[in-house]
Amino acid sequence: MHSRDARGHADWGSFASLRDNDRVTSATTPTTTTAVSQAWFERARAVTPGGVNSPVRAFTAVGGTPRFITSASGAWLTDADGNDYVDLICSWGPMLLGHAHPDVQAAVAGAVARGTSYGTPTEPEVELAEEIVARTPVERVRFVSSGTEATMSAIRLARGATGRDLVVKFAGCYHGHVDPLLAEAGSGVATLAVPGTSGVPATAAAETLVLPYNDREAVRAAFATHGPRIACLITEASPGNMGVVPPAPGFNAFLAETCRAHGALFISDEVMTGFRATAQGGWGLDGAVEGWTPDLMTFGKVMGGGFPAAAFGGRADLMAHLAPEGPVYQAGTLSGNPVATTAGLATLRLATAEVYAHLDATAHTIRAAVSEHLQVAGVPHVVQVAGTMFSVFFRDGAVRDFAEASRQDTAAYAAFFHSMLDQGVYLPPSAYEAWFVSAAHDDRAVQTIIDALPAAALAAATAGGY
Ligand SMILES: *Cc1c(COP(=O)(O)O)cnc(C)c1O
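Residues numbered from 1 in each chain as written. Predicted model: local features only at pLDDT ≥ 70, side-chain atom pairs only at ≥ 80, totals over all residues. Heavy atoms only, no water.

Some remarks on the pattern of salt bridges
Filter applied, for reference: The term salt bridge refers to a pairing of a side-chain nitrogen on Lys or Arg with a carboxyl oxygen on Asp or Glu at a separation within 4 Å. Only DSSP runs of H or I covering at least 4 residues are called helices, and only runs of E covering at least 2 are called strands; the numbering of each starts at the N terminus.
Throughout the structure, instances matching the rule amount to 7 salt bridges. Salt-bridge contacts for Arg260 lead to Glu257; the nearest nitrogen and oxygen are separated by 2.7 Å. Pair noted here: Arg260 and Glu257 are both in helix α10 (residues 251-261), with a separation of 3 residues, about one helical turn. Asp295 is the partner of Arg315 in a salt bridge, and the nearest nitrogen-oxygen pair spans 2.6 Å. Of this pair, Arg315 sits in the loop between β10 (310-314) and α12 (316-319) while Asp295 sits in the loop between α11 (287-290) and β9 (296-299), and the two are 20 residues apart along the sequence.

This is how it looks when you write it as C-alpha cells:
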C-alpha cells in the first residue's frame with residue numbers, strides 16, 4: 001500500500017493523501033501485498049532453519065510472514081514488495097542515527113576502499129576505544145564481533161581474575177546465546193517459550209544462579225549461601241530484553257556494593273543500552289549520578305554503527321588479565337575490523353547531545369500517543385521507560401521482573417502489531433522487546449505512527465476482548 005513511489009520525501013503531499021485513504025480501509029482490509037516476501041521466506045526456509053538467522057525475526061510470536069527488507073533510509077524500511085514502513089526496531093538497537101546516514105556511509109566507503117581487513121592493529125580501533133573510554137567509566141577496551149562474544153569474554157575474564165566459577169544472572173535478562181547465560185534469558189527465548197538450556201550442558205547451567213530481577217532479598221540470599229564461589233554478577237544495565245524493565249532506584253548500586261563485599265565482579269551488560277539509553281548508556285541513568293562504576297562492562301549494537309562490532313572493558317588492572325598481558329586467552333580474526341570500527345566511530349561522533357535530546361522528545365511523543373489511543377480503546381497497558389528506550393506491556397500495573405512481564409496479553413499485542421504493520425509501521429514482532437527510535441524519526445515518521453494508532457488500538461481491544 002505504501003508504494004515506493006508514494007513514499008518520496010520530496011512529495012509528501014501525495015503520500016499524506018494516500019495515507020488518509022488507507023485509514024478508511026485499514027481496520028478491515030489489510031492492503032499490504034506480501035507475495036514477494038512470502039516467496040523469499042519459502043526459499044529461506046528450504047535452506048535455513050525457520051528461514052531466519054536470528055529467531056526473533058521469524059514472526060513466530062505474532063504469526064504471518066516476516067518482511068524481506070531490501071533497502072532502508074532514515075526512519076524508513078522498504079520491503080521486497082515495495083512497501084514502506086516506519087522502523088521502530090532500528091536493527092534491534094544499532095541504528096541510532098537512522099539508516100544509511102550519509103556521513104557514516106562515506107566513512108565506511110572510505111574504509112572499504114582502503115581494504116577490508118588486515119589482521120594488524122589499525123587506527124580506527126584506537127580512536128573508537130578512546131571514544132568509549134571518554135563516554136563510560138571503563139579504562140581499557142577489547143573489541144570483539146558480537147555482543148555474545150563480549151559477555152562470554154567478560155565472564156571468562158571474571159572467572160580468570162577471581163579464580164571462581166559461579167555466575168549470577170537475572171531471569172529475563174538476555175546476554176547473548178552464551179551457554180551459562182541462556183538460562184531464563186528473556187527476548188527470543190521468552191518469545192518462543194523454548195527451554196533456555198536445550199543444548200547447554202547441565203554443568204554449564206549448574207554454574208549459573210538465576211534470580212528474579214529487582215529482588216534485593218534474593219540477591220542477599222544467593223551471596224550469603226554461595227558468596228565465596230561467585231565470580232561475577234551480570235545484569236543488563238537497564239533490562240530491555242523482557243520489554244523495558246528499569247532497575248528500581250538504587251538497585252544497581254546495591255548490586256555493585258554486594259559484589260564488592262563478596263569479592264565478586266559486577267558486570268554491567270550495556271550491549272543494548274550503551275550509547276542508546278543516554279549518551280553514557282544505562283550507566284548515565286544511575287552510576288554516573290550516584291558515583292559508582294561497574295568492574296566490567298559490555299557494549300555492542302550502537303557502537304558497531306550497523307556492523308558486527310562489540311566490546312568489553314573495565315578497570316585497567318582487571319583487563320590486564322587478558323592475553324597478551326595476562327593469562328586469560330581471548331582473540332578474534334575480525335576483532336576490531338577497520339570497516340566496522342570506522343562505522344562505529346562515525347556513529348558515536350555524530351551521536352551528539354542534540355541527537356539524544358531528539359530521541360528523548362520523539363520517544364516521548366510516541367509513548368504519549370500510544371498510551372492515549374490504547375486508553376481510548378480500553379486496552380490495559382503500561383508504558384515503561386529507560387532513557388530513550390521504552391516498551392509497551394499489554395497488562396495493568398508496573399512490570400518489575402520477568403514473571404510480571406510474562407503476564408501480558410500477547411494476543412492483543414499480536415493484533416496491535418499486525419494492524420500497525422499493515423499501516424506501514426514496523427514494531428518488534430514480540431511483546432518482549434524494546435521499541436527503538438532514531439535521530440531520523442522526523443515529524444512525518446511520527447505522524448505515520450500516530451495515524452496508525454486508532455485502528456491498531458481497536459484491533460488490540462477486539463483481540464483481547466476488552
Ligand atoms: C543484543 C544483546 C546481546 C547480544 O548481542 P549480539 O550482538 O546479538 O550477540 C547481549 N546483551 C544484551 C543486553 C543485548 O541486548
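Now that the structure is up, let's keep going.
Structural notes on the packing of helix α5 (residues 123-135) against helix α13 (residues 338-350)
Heads up, the condition is: All axes here are fitted lines through C-alpha atoms, helices being fitted over the stretch that makes contact, and every angle between N-to-C directions spans 0 to 180 degrees. Crossings are sorted by hand: turned counterclockwise from the far helix by less than a right angle, the near helix makes the crossing left-handed, and turned clockwise it makes it right-handed. Contact definition: two residues touch when any of their heavy atoms are within 4.5 Å. Lys, Arg, Asp and Glu make up the charged group, whereas Ala, Val, Leu, Ile, Met, Phe, Trp, Tyr, Cys and Pro make up the nonpolar group; the residues left over, Gly among them, are polar.
Where α5 meets α13, the closest approach of the two axes is 8 Å, and the angle between their N-to-C directions is 35°. Where α5 crosses over α13, the handedness of that crossing is left-handed. Facing Pro124, Glu125, Glu127, Leu128, Glu131, Ile132 and Arg135 of α5, the residues of α13 in contact are Pro338, Thr341, Thr342, Gly344, Leu345, Leu348 and Arg349. Among the residues making up the contact of α5 with α13, the classes are represented as 6 nonpolar, 3 polar and 5 charged.

Regarding the pairing of strand β2 (residues 76-79)
As a reminder of what qualifies: Between buried and exposed lies partly exposed: a residue is buried under 20% and exposed over 50% of the maximum accessible area for its type, with that area taken using a 1.4 Å probe on protein chains only. Two strands pair under a simple rule: DSSP has to find at least two bridges between them.
With burial as the criterion, each face of β2 is covered, one bearing Trp76 and Thr78 and the other bearing Leu77 and Asp79. Here strand β1 (residues 69-73) runs beside β2; their pairing, made up of 4 bridges, is antiparallel. Within the sheet, the bridge partner assigned to Ile69 lies in β2 and is Asp79. In textbook terms, the turn of a hairpin is the stretch between consecutive antiparallel strands, and for β1 and β2 this stretch comprises 2 residues, one of which, Gly74, has a positive phi near 60°. Pairing of β2 with strand β3 (residues 84-87), which is carried by 3 bridges, proceeds in the antiparallel orientation.

Thoughts on the nonpolar core
As a reminder, the rule being used: We define the nonpolar core as a collection of buried residues of types Ala, Val, Leu, Ile, Met, Phe, Trp, Tyr and Cys that are connected through side-chain atoms lying within 4.5 Å of one another. An automatic or database domain assignment supplies the residue ranges for each domain.
Core analysis: the largest hydrophobic core is formed by 101 residues, its most contacted members being Ile132 and Phe416. A total of 9 residues in this core trace back to one element, the largest contributor, which is helix α17 (residues 443-464). There are two domains that each give this core at least three residues, and those are domain 1 (16-96 + 353-464) and domain 2 (106-350). Those residues in contact with Ile132 that lie beyond four places of it in its chain are Val138, Val141, Phe143, Phe275, Phe299, Met303 and Leu348. If you look at the next biggest cluster of nonpolar residues, it comprises 20 residues, including Leu157, Ala158, Val178 and Ile234.

What to know about the site of the ligand
Which entries qualify depends on this criterion: In this text, near means that some heavy atom of the residue lies within 4 Å of the molecule or strand in question. What qualifies as a polar contact is a pair of N or O atoms within 3.5 Å, subject to a donor-acceptor requirement within protein and to the restriction that residues adjacent in sequence count only when both atoms come from side chains. Here the Shrake-Rupley method, with its probe set to 1.4 Å, supplies the accessible areas, and only the displayed protein chains count as covering residues.
All residues in the neighbourhood of the ligand are listed as Ser146, Gly147, Thr148, Tyr174, His175, Gly176, Glu236, Asn241, Asp269, Val271, Met272 and Lys301. Here an oxygen atom of the ligand sits 3.0 Å away from a polar atom, N or O, in the side chain of Asn241. In this structure, Lys301 approaches the ligand through a side-chain N or O atom, which is 2.7 Å from an oxygen atom. Bound to the protein, the ligand loses 82% of the 380 Å² it would expose on its own. When its residues are assigned to classes, the shell around the ligand shows 3 nonpolar, 6 polar and 3 charged.

Here we look at the domain arrangement of the protein chain
Here is the rule we go by: Throughout, the accessible surface (probe 1.4 Å) given up by two parts as they are put together, summed over both, is called the buried area.
By the assigned domains, the protein chain splits into domain 1 (16-96 + 353-464) and domain 2 (106-350). Here domain 1 and domain 2 have C-alpha centroids that lie 27 Å from each other. Across the boundary between the two partners, domain 1 contributes 32 residues, which contact 32 residues of domain 2. For the pair domain 1 and domain 2, the two sides together bury roughly 2500 Å², of which 65% comes from carbon and sulfur. In terms of surface lost to domain 2, no three residues of domain 1 exceed Tyr356, Met389 and Phe402, which account for 24% of the buried area on that side. Inspection of the domain 1/domain 2 interface yields 0 salt bridges. Where domain 1 meets domain 2, there are 10 residue pairs in polar contact (both at pLDDT 80 or more). For the side of domain 1 that touches domain 2, the elements supplying multiple residues, two or more each, are α14 (353-376), β11 (382-386), β12 (389-393) and α15 (402-406). Ranked by residues supplied to the side of domain 1 that touches domain 2, first place goes to β12 with 4 residues.

Focus: the packing of aromatic side chains
Our working rule: Stacked, tilted and edge-to-face are the three classes assigned to paired rings of Phe, Tyr and Trp, where Trp is represented by its six-membered ring and a pair needs centres within 6.5 Å; plane angles under 30 degrees give stacked, over 60 edge-to-face, the rest tilted. A positively charged side chain is recorded as over a ring if its NZ (Lys) or CZ (Arg) lies within 6 Å of the ring centre. The angle to the ring normal must also be within 35 degrees.
Using the criterion set out here, one finds 17 aromatic pairs in the structure. Between Phe266 and Trp292, the ring centres sit 6.0 Å apart and the planes meet at 55°, which makes this aromatic pair tilted. With Phe266 in strand β8 (residues 265-270) and Trp292 in the loop between α11 and β9, this pair connects stretches of sequence that are 26 residues apart. As far as burial versus exposure is concerned, Phe266 and Trp292 are alike and both buried. Joined through ring pairs, the aromatic side chains of Phe59, Tyr85, Phe390, Phe394, Tyr413, Phe416, Phe417, Tyr426 and Trp435 make up one cluster. Above the plane of the ring of Phe390 lies Arg367, whose end atom (NZ or CZ) is 6.0 Å from the centre.

As for unusual backbone geometry
The step from Ala323 to Pro324 runs through a cis peptide bond, and the omega angle for that step is 5°. Mapped onto the fold, Pro324 is located in the loop between α12 and α13. Positive phi, normally seen in glycine, also occurs at Cys90, with a value near 55°. Among the structural elements, Cys90 can be located in the loop between β3 and α4 (102-113). Of the residues examined, Cys90 reaches a relative accessible area of 1% and is grouped as buried. Its identity is not glycine, yet Lys301 carries a phi of approximately 40°, on the positive side. One can find Lys301 in the loop between β9 and β10.

Considering the sheet that holds β3
On the basis of which strands lie adjacent, the open sheet formed by 4 strands has the order β1-β2-β3-β13 and mixed pairing. Among the strands making up the open sheet, the edge pair consists of β1 and β13 (425-426).

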